[in-house]
Amino acid sequence: RIFPPSVISTVEYALPTERLGAVLAHLARMLRATRYPAPMPPRVRFSIADDAALSPADGQDTAYVRIPAHPHLDSSDYFEAVSDILDRADARPLWSTPHQKEATDLAHLYPRWGEFALLRAEYDPEGLFLNPYLESLFGIPNERET
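Nothing here was measured: the structure is a model prediction, and the numbers come from that model.

What am I meant to see in the overall build of the protein chain here?
Counting its secondary structure elements, the protein chain contains 5 helices and 4 strands. Listed N to C, the secondary structure of the protein chain is β-α-β-β-α-β-α-α-α in terms of helices and strands. Reported as C-alpha extents along the three principal axes, the dimensions of the protein chain are approximately 50 × 35 × 20 Å. Expressed as a percentage of its 146 residues, the buried residues of the protein chain come to 39%.

Written out as structure tokens, the structure reads:
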């Protein structure tokens, strides 16, 4: 599992604004069913579409949904349930919060993923700006270890 106990306090995803109502309704049902003691309600904010290849708002008016967890409880199962709901809405995880996505998942969610990958390889052919996390995230073999 990517979600270690007691470390994660929040996840945040971006989704098309027209899917927000259904997502919030699913999240509410899940919270009632699990009786997880959420410390705060989800935080929602909005942005207009932009044209940055790896932006969560690339090509879509976007609702950002931030889901907090109780700081003293193991939140891994809770975040897995939250992620399942958001996955069904094709939500894009924010880069700054934990998620379980791999390069193939992200390529599906970000239409310009391939364009970014080509530019990244062109401008950083030696991988100077990569680290193990980014290599894993972008599906790039770590050639320094092979």
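Help me understand the nonpolar core in this model?
Most often, soluble globular proteins have nonpolar side chains that are buried together. In terms of nonpolar packing, the biggest core is built from 19 residues, with Leu15, Val23, Leu27, Ile67, Tyr78, Val82 and Leu86 touching the most fellow members. Among the elements of the structure, strand 1 (10-16), helix 1 (20-34), strand 3 (62-68) and helix 2 (76-88) are those that each provide at least two residues to this core. Considering every element that reaches this core, the biggest residue donor is helix 2, with 5 residues. The residues touching Val23, leaving out its near neighbours within four places in the chain, are Leu15, Ile85, Leu86 and Ala89. Core analysis: the next-biggest nonpolar cluster, separate from the first, contains 9 residues, Leu106, Leu109, Tyr110 and Phe138 among them.

Please explain the side chain of Thr97 as it appears in this structure.
You can see Thr97 is positioned in the loop between strand 4 (92-93) and helix 3 (103-109). The exposure class of Thr97 is buried, given its relative accessible area of 5%. Of note is the side chain of Thr97, whose polar atom sits 3.2 Å from the backbone nitrogen of Glu12.

Just checking my understanding: could you explain the environment of Ala69 for this structure?
Its location among the elements puts Ala69 in the loop between strand 3 and helix 2. Sequence separation of Ala69 and Asp58 is 11 residues, and the distance between their C-alpha atoms is 27 Å.

Reading the values: the criteria
Residues numbered from 1 in each chain as written. Predicted model: local features only at pLDDT ≥ 70, side-chain atom pairs only at ≥ 80, totals over all residues. Heavy atoms only, no water. Helix = DSSP H or I, 4+ residues; strand = E, 2+ residues; numbered from the N terminus. Buried < 20%, exposed > 50% of the residue type's maximum accessible area, 1.4 Å probe, protein only. Core = buried A, V, L, I, M, F, W, Y, C linked by side-chain atoms within 4.5 Å. Contact = heavy atoms within 4.5 Å. Polar contact = N/O pair within 3.5 Å; in protein donor to acceptor, adjacent residues only side chain to side chain.

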